[in-house]
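Each chain is listed here by its residues.
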Number of protein chains: 6
Amino acid sequence: MQSALFVGRFQPFHLGHLDVVKKILEKNERVIIVIGSAEKNFLPDNPFTAGERFQLIDEALKEAEIPAEKYCIIPVRNVNNYALWVNHINCYVPPYTHLFTGSKIVKACYEGKYTEIIQLKRVLKISATKVREAILKNKGWEKLVPPAVARLLKTWNAQTRLRDIKETMDYTKYNNEY
Amino acid sequence: MQSALFVGRFQPFHLGHLDVVKKILEKNERVIIVIGSAEKNFLPDNPFTAGERFQLIDEALKEAEIPAEKYCIIPVRNVNNYALWVNHINCYVPPYTHLFTGSKIVKACYEGKYTEIIQLKRVLKISATKVREAILKNKGWEKLVPPAVARLLKTWNAQTRLRDIKETMDYTKYNNEY
Amino acid sequence: MQSALFVGRFQPFHLGHLDVVKKILEKNERVIIVIGSAEKNFLPDNPFTAGERFQLIDEALKEAEIPAEKYCIIPVRNVNNYALWVNHINCYVPPYTHLFTGSKIVKACYEGKYTEIIQLKRVLKISATKVREAILKNKGWEKLVPPAVARLLKTWNAQTRLRDIKETMDYTKYNNEY
Amino acid sequence: MQSALFVGRFQPFHLGHLDVVKKILEKNERVIIVIGSAEKNFLPDNPFTAGERFQLIDEALKEAEIPAEKYCIIPVRNVNNYALWVNHINCYVPPYTHLFTGSKIVKACYEGKYTEIIQLKRVLKISATKVREAILKNKGWEKLVPPAVARLLKTWNAQTRLRDIKETMDYTKYNNEY
Amino acid sequence: MQSALFVGRFQPFHLGHLDVVKKILEKNERVIIVIGSAEKNFLPDNPFTAGERFQLIDEALKEAEIPAEKYCIIPVRNVNNYALWVNHINCYVPPYTHLFTGSKIVKACYEGKYTEIIQLKRVLKISATKVREAILKNKGWEKLVPPAVARLLKTWNAQTRLRDIKETMDYTKYNNEY
Amino acid sequence: MQSALFVGRFQPFHLGHLDVVKKILEKNERVIIVIGSAEKNFLPDNPFTAGERFQLIDEALKEAEIPAEKYCIIPVRNVNNYALWVNHINCYVPPYTHLFTGSKIVKACYEGKYTEIIQLKRVLKISATKVREAILKNKGWEKLVPPAVARLLKTWNAQTRLRDIKETMDYTKYNNEY
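This report concerns the structure included in the present document.

**Considerations on helix α3 (residues 82-90) of chain E**
Most of α3(E) sits out of view: seven of its nine residues are buried. Within α3(E) the residues assigned to the buried category are E:Tyr82, E:Leu84, E:Trp85, E:Val86, E:Asn87, E:His88 and E:Ile89.

**What about the relation of the copies chain D and chain E?**
Rotating chain D by 120° about the axis while translating it 0.0 Å along that axis superimposes it on chain E, leaving an RMSD of 0.0 Å. Taken together, these values place the two copies in the relation of a three-fold axis. In terms of proximity to the rotation axis, the leading residue of chain D is D:Asn80, whose C-alpha is 8.7 Å off the axis.

**With respect to unusual backbone geometry**
Residue and element names in this part refer to chain A. Along the chain, Gln11 connects to Pro12 via a cis peptide bond; the corresponding omega equals 0°. Within the fold, Pro12 resides in the loop between β1 (3-8) and α1 (15-27). The backbone of Ser37 shows a phi angle near 45°, a positive value even though the residue is not glycine. Within the element layout of this structure, Ser37 appears in the loop between β2 (30-35) and α2 (50-63). Positioned with a positive phi, Phe42 is a non-glycine residue whose angle comes to about 55°. Within the secondary structure, Phe42 is located in the loop between β2 and α2.

**A word on the pairing of strand β4 (residues 98-101) of chain B**
All names here are of chain B. Residue alternation in β4 divides its side chains into two sets, His98 and Phe100 and Leu99 and Thr101, and both sets are buried. As paired elements, strand β1 (residues 3-8) and β4 share three bridges and run parallel to each other. In the sheet register, Phe6 faces β4, and the bridge partner there is Phe100.

**Description of the interface of chain D and chain E**
With 28 residues of chain D at the interface, the matching set in chain E holds 17 residues. Across the chain D to chain E interface the summed buried area is about 1,800 Å²; carbon plus sulfur atoms make up 47%. Per-residue buried area on chain D facing chain E is highest for D:Tyr82, D:Lys104 and D:Ile105; these three make up 29% of the total on that side. Taken together, chain D and chain E are joined by zero salt bridges. Joining chain D to chain E, the criterion identifies two residue pairs in polar contact (both at pLDDT 80 or more). Looking at the side of chain D that touches chain E, the elements that each hand over two or more residues are β1 (3-8), α3 (82-90), α4 (104-110) and α5 (128-137) of chain D. Broken down by element, the residue count for the side of chain D that touches chain E peaks at four residues, all from α3(D).

**Thoughts on the packing of aromatic side chains**
In this structure the tally under the stated criterion is 24 aromatic pairs over all chains. With centroids separated by 5.8 Å and ring planes inclined at 50°, the aromatic side chains of F:Phe10 and F:Phe13 adopt a geometry described as tilted. As far as the burial class goes, F:Phe10 and F:Phe13 line up, both buried. Through a chain of ring-to-ring contacts, the aromatic side chains of A:Phe6, A:Phe10 and A:Phe13 assemble into a single cluster.

Conventions and cut-offs
Residues numbered from 1 in each chain as written. Chains lettered and ligands numbered in written order. Predicted model: local features only at pLDDT ≥ 70, side-chain atom pairs only at ≥ 80, totals over all residues. Heavy atoms only, no water. Buried < 20%, exposed > 50% of the residue type's maximum accessible area, 1.4 Å probe, protein only. Helix = DSSP H or I, 4+ residues; strand = E, 2+ residues; numbered from the N terminus. Least-squares fit on C-alpha atoms with pLDDT ≥ 70 in both. Pairing = 2+ DSSP bridges. Contact = heavy atoms within 4.5 Å. Buried area = accessible area lost by both parts, 1.4 Å probe. Salt bridge = Lys/Arg side-chain N within 4 Å of Asp/Glu carboxyl O. Polar contact = N/O pair within 3.5 Å; in protein donor to acceptor, adjacent residues only side chain to side chain. Phe/Tyr/Trp six-rings, centres within 6.5 Å; stacked < 30°, edge-to-face > 60°.

Quick look at the structure:
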């Protein structure tokens, strides 16, 4: 089975990510979506838990009518060590034949290894950083993410969470609270 | 959606596990299968990586014609701290309404929490420990696991791996090698 | 017994902290003071060890004639994971009925849990960051902390330590020393 | 101030421990009680959390009418490295002048360091291992621990917890559950 | 340059190890000696620190008149993960062309990788486990190790250390001390 | 034997480092070179693995005709805890009588300990930070490092690696990739 690895932090999953998934599935039977930095949550750059990110991706793909057998979603914690990165990822995922990446260092780490690497070109110029900033201002973020993601983020009061995280970081910084 | 959590180490996935999955799906729309001790591999009690265990479960469920939308498989590393266990698991999985467990301490850890807990009764008296012992002797293990698992374990030369692990442990013990 | 949790890093314990402790004790029989980021020391934002911070708080409270049975001080290491934070703290402290916090995210983490949460309003506008900056310049810091803290910090040559830490960080940055 | 360090796991705190505390206080103004292996809980040898152990010790000492200013209780996680042990402990506790220990290796680790070390002789021949075994059988354990400890352990259904932990360990071993 | 990797825990370095080093140097320009489980010390199976083991090996090789340019000694901590083992080791050592190992699982981990693997045959039937047992009884251990190692171990009072470690373990087990 | 400790990250080893090594060897029989932050690699400030840094130092010293018995190179991971730093280092290295350091906090950590500390004065004003910046621009970096280092860095395509790392960091920052 031809399958491809797609690694991201998905904080949150947005239309750019969905677009990549669709492109990968045009040429692969399955996409293995790795949720990176899975151990991080409730932080400014990583507001959502791995479980929440799993749910966001899962419901967005269902909504996009991508059949369940065409993808799997696997949370993997960070190792902070690129020299071990390839092996670390390989401990957690089923075999794959292709790797989609936008990172040259990831590409370099795979050099000499069997997997075919495809340089990722993002057509939609959306970044999760911008999505988070838009959520924080509650301004125009819904059109950057799949409807299912927008719906879930509202249910979770994402704006409040992001604001609380921001306030806590500022408070911690200035008032020395834990 | 009514969904249930099923946690195991699945070293390897056997017919008893498959039976539990089927029973859970009689009353739930989805089973969330958590691969515990995901960081462990190439050890006597944990010979297979999380990625390999993912593949074993995934192919066994496909073979059993369980539709892909009815299950998801999530590797989670061990925390060695039951007091944090419930929260730790909840960081990595989508929401669930029911918990199936054979462990009274897991049950106790959930006490007072929203999830409905169902005491797991295993009909098939198969343990993974016995499966591993049978693989090591290459004697009668194929009938304890789903055919897809048997096929994969043969491809991976599971008997050789288990023997190598055992020999290495013995060698390490007696010869002080790393 | 009605008791309240008060979490801080206390780098160092200052008059603002003391004021909060006194306010908490007006309405509670005991305050459980958690020394957060207990594993950190000899760093610009965390110059003192948990043991030193224990001593600073302990002697300041004695000096303020707060009876020993009215407080306990418990160092707890950081978890970098707010989703586990409440459970992590609860593993290390005796039961408490109230939580005093200035952090909205901490408040959100406790949501739905039994503890009564009280939004902390600091009357004295002192931050430990400013105290550390004043120590570094040896300018006016003594009046920001309880006399017992001032006395101990002088005994420990706190200014020298903070300067050494700063110089080491700069040296490390520019000269690539370990 | 002459103060002494007393390190134990206190799983649970028993009359032998109480006896040592009293003996230490005959010659010292304060005893610093370190709860070792603070990160462990819900395990056969470490059934209680650090917070629970804090409460057991605290209430037993109050009951014994030992004034609160004569002791403090500090949970410290394990380092698994005796060569770092002394320094690790010293990061978490206020200064002490004496060390009470029954361990020759701890004594050796302190060699050449300022602290006076006193070989601990236990008069009461009670071990926490025996207390836990007695709790498991619910047979005669109450007379091995201070009344306050007995009362708390009953409130927490300690026998049930120890039995659940044991059953879970056995279950895990034989059924390969997480 | 043709160089070979030799991994061991060397608790302590004995004549069997020295014999392997000599055999490796018959066919290689340099041997890279990796001290495994470098983070462990003062434990029954790992009594010596990595620094002490470095010194034992270094002085034994000097005594055997093996030129310093023919070996290097590198301590590497354990990873408890054979699937990452090869990459982990490779992060810490200079390049090597040959690997000497007695472990089939290590051999399997290298499969498909460039390094030539040579099955290690030990002529001298000495194990470090037996050396430690002999030291503990102070009976005939000196003839199992190079003279330099014997001399250092005596200077360090190795018998006393091993006995203290054993007593501490027993004491901890029976008296519940930390 | 009079020997001295020299700790650095050596990202990469440059002429300033070589100069220090030579100065140390004027008055000491051996220099113990500790590669700090050994676990870090493929990061902007830590582009090379400990093994690569070992090789850079080793070949530079050979080229400078420093006899192999006059130095040893030991990678040690970071502890992020200065209060444990001295003990941590001492676990990994053979005994030393002198310490060369440019860091006042390291000096303070050793206070009261046996080792003689020598304040390091660097004559050559080269920092590894500047070397890395020069490599990135491929401009004039070769004259800042020993010829052997220059040769190896070229073989490894150091400029490409540093550029790839930088691009990956930027990409990760702006595109939220893992």
